[in-house]
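Coordinate analysis (summary)
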Amino acid sequence: MDLVDGYRAGAAWDEMVADGQVRGPYQQVHQVLAAMSVPDLRARADSLARAYLRQGVTFDIGGQERPFPIDVVPRVVGADEWAQVAPGVAQRVKALEAFLADVYGPQRAVDDGVVPRSVVVSSTHFNRAARGVAPTNGVRVHVAGIDLIRDSAGGWRVLEDNVRVPSGVSYVLSNRQAMARSFPELFAALRIAPVAGYPRRLLAALAAAAPAGVDEPTVVVLTPGVYNSAYFEHTLLARLMGVELVEGPDLFCASGRVWMRTTQGRRRVDVVYRRVDDDFLDPVAFRQDSLLGCPGLMTCARKGTVTIANAVGNGVADDKLVYTYVPDLIRYYLGEEPVLPNVDTWRLEEPQALAEVLDRLAELVVKPVDGSGGKGIVVGPAATPAELDALRTRLAQDPRGWIAQPVVQLSTVPTLVADGLRPRHVDLRPFAVNSGDQVHVLPGGLTRVALPQGQLVVNSSQGGGSKDTWVLEGSRPAEPAAAGPARPQQVLAGHVVPISANPDDAGVPAMQQQQQQQEASC
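1. Some remarks on the pattern of salt bridges
One pass over the full model with this rule turns up 26 salt bridges. Ionic pairing is found between Arg347 and Glu350, a salt bridge with its closest N-O pair at 3.5 Å. Taking the relative accessible area as the measure of exposure, Glu350 reaches 34% and is therefore partly exposed. A salt bridge links Asp427 to Arg448; the shortest N-O distance between them is 2.6 Å. Remark: Arg448 occurs in strand β23 (residues 446-449) and Asp427 occurs in strand β20 (residues 420-429); sequence separation between them is 21 residues. A single salt-bridge network, built from bridges that share partners, covers Glu15, Arg75, Glu81 and Arg150.

2. A short note on the sheet that holds strand β9 (residues 244-246)
The strand order across the open sheet formed by four strands is β9-β8-β13-β14, and the pairing between neighbours is parallel. Looking at the sheet topology across the chains shown, the edges are occupied by β9 and β14 (307-309). When the angles between neighbouring strand axes are averaged without regard to direction, this sheet yields 30°. Across four bridges, strand β8 (residues 219-222) lies against strand β13 (residues 271-274) in parallel orientation.

3. Notes on the packing of aromatic side chains
The description of an aromatic ring pair rests on the distance of the ring centres and on the angle between the ring planes. For the structure on display, the rule yields four aromatic pairs. Considering the side-chain rings of Tyr171 and Phe232, the 5.9 Å spacing of their centres and the 20° angle between planes classify their relative orientation as stacked. Separated by 61 residues along the polypeptide, Tyr171 in helix α6 (residues 169-182) and Phe232 in helix α9 (residues 231-241) bring together distant segments of the chain. The two residues Tyr171 and Phe232 agree in class, both being buried. Seen from their ring centres, Tyr332 and Tyr333 are 4.9 Å apart, and the 75° between their planes marks the pair as edge-to-face. A residue is classified by how much of its surface remains accessible, and Tyr332, at 25% relative accessible area, is partly exposed. In this structure, Arg44 is placed above the aromatic ring of Phe183, and the distance from its NZ or CZ to the ring centre is 4.8 Å. Of note, Arg266 hangs over the ring of Trp259, and the distance from its end group to the ring centre comes to 3.8 Å.

4. Quick notes on unusual backbone geometry
Between Ala309 and Asn310 the backbone carries a cis peptide bond, its omega angle lying at -10°. Tracing the backbone shows Asn310 in the loop between β14 and α12 (320-323). Its identity is not glycine, yet Gln107 carries a phi of approximately 60°, on the positive side. In this structure, Gln107 sits in the loop between α3 (79-103) and α4 (108-111).

5. Some thoughts on helix α15 (residues 385-397)
With 13 residues, α15 extends 19 Å between its outermost C-alpha atoms, agreeing within 8% with the 18 Å of an ideal straight helix rising 1.5 Å per residue. Of all the residues in α15, the buried ones are Leu388, Leu391 and Leu395. Relative to the axis of α15, the buried residues are bounded by an arc of 65° and lie together on one face. Every exposed residue of α15 that faces more than 90 degrees away from the buried side is listed here: Ala386, Ala396 and Gln397. For α15, the secondary structure elements touched by its buried residues are α14 (351-359), β16 (364-368), β17 (378-379) and β18 (402-406).

6. Quick notes on the side chain of Asn434
For Asn434, the location among the structural elements is in strand β21 (residues 431-434). The buried category is assigned to Asn434, whose relative accessible area is 8%. Within polar-contact distance, the side chain of Asn434 engages the backbone nitrogen of Gly436 at 2.9 Å.

Analysis parameters
- Residues numbered from 1 in each chain as written.
- Predicted model: local features only at pLDDT ≥ 70, side-chain atom pairs only at ≥ 80, totals over all residues.
- Heavy atoms only, no water.
- Salt bridge = Lys/Arg side-chain N within 4 Å of Asp/Glu carboxyl O.
- Buried < 20%, exposed > 50% of the residue type's maximum accessible area, 1.4 Å probe, protein only.
- Helix = DSSP H or I, 4+ residues; strand = E, 2+ residues; numbered from the N terminus.
- Pairing = 2+ DSSP bridges.
- Axes fitted to C-alpha atoms, helices over the stretch in contact; angles between N-to-C directions.
- Phe/Tyr/Trp six-rings, centres within 6.5 Å; stacked < 30°, edge-to-face > 60°.
- Lys NZ or Arg CZ within 6 Å of the ring centre and 35° of its normal.
- Expected span 1.5 Å × (residues − 1).
- Arc of directions from axis to C-beta.
- Contact = heavy atoms within 4.5 Å.
- Polar contact = N/O pair within 3.5 Å; in protein donor to acceptor, adjacent residues only side chain to side chain.

Such coordinate-based values are descriptive only and should not be taken to indicate function.
Structure follows, in structure tokens:
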């Protein structure tokens with residue numbers, strides 16, 4: 001029996017097979033797998049793992065740096081399916097942009113009753129310091145990661161929105177390179193939409209967001225540091241964009257501007273692509289004990305001399321209670337029906353919904369509204385009676401802090417495990433880049449796979465893995481000819497002085513702890 005003959009779909013909607021027949025997008029992948037033996041496929045999987053280890057493609061899990069697990073079987077999405085997904089993601093980003101501009105401005109949606117004021121102001125990530133900070137080109141969500149799932153009927157639904165500092169795109173780029181080396185025969189046979197242009201698009205969008213009057217903007221990537229779980233991503237993106245990777249102490253504010261210390265003296269900074277959470281970004285405006293930010297950064301942003309991407313305060317749009325209002329926000333701001341529906345969700349601050357959820361707690365999935373990375377989620381059918389009792393108390397005490405959803409049997413994709421190819425649950429995080437003129441959705445995105453049998457939490461921080469996501473297309477579009485952004489990007493000649501590389505001994509544990517505290521929602 002070969003690899004695919006022994007594959008059997010489970011109860012969930014399987015993306016490769018239906019009633020014993022192979023779905024269209026998977027035909028050629030199925031043929032290649034059918035011609036391989038288990039040892040052959042494992043050899044390719046081992047080669048992938050070794051390549052990732054050599055390249056340092058890692059993710060921090062439980063305080064331990066490990067190679068990021070990539071499964072050798074790709075996920076394939078047909079062109080017709082992507083023709084629905086990409087516009088739906090772009091629509092979502094446009095609505096969230098409009099909401100953020102409104103919520104930190106006139107708050108028309110609040111006054112018109114689309115979103116209750118109490119929902120906005122009670123959000124953990126509603127940041128009043130963001131009021132009055134007007135982006136040069138009107139963009140607050142420069143990069144978005146919109147998490148999607150396929151339900152029991154195969155339909156796409158939005159699971160959550162990530163518009164603060166969404167992570168994971170580095171694994172999309174790395175996965176594609178690794179898979180192209182492992183399956184050259186499939187890349188020769190299939191027209192797979194490319195992803196290599198992402199760094200150029202990101203750099204162009206960041207440059208387009210530079211303060212007015214800046215012709216050659218200097219862009220930097222601000223990282224919490226080497227102890228952050230997504231540090232690999234920060235270094236990769238900085239390298240691929242040809243910009244400097246900096247830490248907070250490498251920056252300083254003077255004369256109303258942000259500057260970078262280099263071996264050739266100070267250098268003006270125009271755009272900060274930050275991977276540092278709001279609370280740690282500026283010790284003057286936020287946490288005074290932060291060792292990761294730059295004092296005065298928010299003052300410069302308010303003056304319009306520097307752009308922070310993504311914008312401070314975006315987390316209110318990530319709030320999972322606000323998520324329940326996004327379909328209404330699409331109708332309100334865009335005058336359109338949502339292309340991609342939400343997962344059905346109970347708002348527990350509504351007494352009737354709370355009563356129903358408490359009565360059905362063992363059947364539902366309950367999530368903290370400000371959580372990320374799969375942390376804090378309670379899957380009712382898998383919880384113990386003691387865990388459900390404790391959760392029931394917490395919900396009664398803080399209903400605003402939680403939402404509830406039905407247990408959605410995420411779709412499955414063949415995954416190589418110890419006993420061969422088996423169905424494992426997946427989600428998808430497409431990444432969108434907003435230049436102000438266009439929202440570009442990267443074809444594919446990060447497919448996260450729950451490796452244990454029956455597991456529904458796919459987050460990498462919870463032990464999940466990833467798959468390369470192949471979007472098939474009728475004809476391969478040409479890659480953009482320009483290697484740089486719309487406005488020329490100045491690549492620094494000097495190197496950043498490693499100011500933060502040798503802090504005094506007393507500061508090291510505190511800095512390490514703060515770096516690890518930064519969220520990586522991958």
